[in-house]
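Examining the three-dimensional arrangement
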Amino acid sequence: MSITRSDVGTTTQASARVARALEIHRSVVACHEHIAHGSGVHSLTAALMLPCYKAEFRTLALAMTSQEERELRYALDSVCEPAA
C-alpha cells in the first residue's frame, strides 16, 4: 500500500477530529467538576458552557467515520478506566 498526499491529509484530519473530541470531553468533565464542587462564578460559567461543549461534541461525533469513532471510543475507554 502506498500513502499518497491525500491519504496523509485525510489521516491528519481524522486524527485532528479525534483529538478535538478528546479536548471537548475534557472540558465537559471539567464543567461537571466545577458544577459539583462550587457555587461561585466558575460553576456558573461551567453550567452555561456545558450545553455548548455537548453540542460541539455531538456535531463532531456525527461527522466522524466509523474508524474515527473506534479510535475515539478506544481513547475514551483508556481515559475513563479507573486507576489500577
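Keep in mind that this is a model prediction, so the values were computed, not measured.

Rules used throughout
Residues numbered from 1 in each chain as written. Predicted model: local features only at pLDDT ≥ 70, side-chain atom pairs only at ≥ 80, totals over all residues. Heavy atoms only, no water. Helix = DSSP H or I, 4+ residues; strand = E, 2+ residues; numbered from the N terminus. Contact = heavy atoms within 4.5 Å. Areas by Shrake-Rupley, 256 points an atom, 1.4 Å probe, with all protein chains shown as cover. pLDDT = per-residue confidence, 0-100. Core = buried A, V, L, I, M, F, W, Y, C linked by side-chain atoms within 4.5 Å. Buried < 20%, exposed > 50% of the residue type's maximum accessible area, 1.4 Å probe, protein only. Salt bridge = Lys/Arg side-chain N within 4 Å of Asp/Glu carboxyl O.

**A look at the overall build of the chain**
Scanning the chain from N- to C-terminus turns up three helices and zero strands. Ordered by position in the sequence, the α and β elements of the chain form the string α-α-α. Within the chain, contacts between residues at least 6 apart in sequence are counted, and of these 62% link residues at least 24 apart. For the chain, the exposed area adds up to about 6300 Å²; of that, 61% sits on carbon and sulfur atoms.

**Observations regarding the confidence of the model for the chain**
Fine structural detail should not be taken from predicted coordinates in areas where pLDDT scores are low. When pLDDT is averaged across the chain, the result is 84; 80% of the residues are at 70 or more. Least confident of the elements in the chain is helix α1 (residues 5-37), whose mean pLDDT is 82; most confident is helix α2 (residues 41-63), at 95. Confidence drops under pLDDT 50 across residues 1-8; counting only partners more than four residues distant or on other chains, this segment forms two contacts.

**Overview of the nonpolar core**
Formed by 13 residues in total, the largest nonpolar core has its most connected members in Val18, Ala21, Leu22, Leu60, Met64 and Leu72. Among the elements of the structure, α1, α2 and α3 (66-80) are those that each provide at least two residues to this core. Among the elements that make up this core, the one with the highest residue count is α1 (six residues). The contact partners of Leu60, leaving out residues within four places of it in the chain, are Arg17, Arg20, Ala21 and Ile24.

**Let's talk about the pattern of salt bridges**
Counting across every chain of the model gives four salt bridges. Residue Glu68 pairs with Arg17 through a salt bridge whose shortest N-O separation is 2.6 Å. Of this pair, Glu68 sits in helix α3 while Arg17 sits in helix α1, placing them 51 residues apart in sequence. Note that Glu56 and Arg20 form a salt bridge whose closest N and O atoms lie 2.7 Å from each other. A residue pair is termed long-range when its members are at least 10 positions apart, and Glu56 in helix α2 and Arg20 in helix α1 qualify at 36 residues. Through salt bridges that share partners, Arg20, Glu23 and Glu56 make up one connected network.

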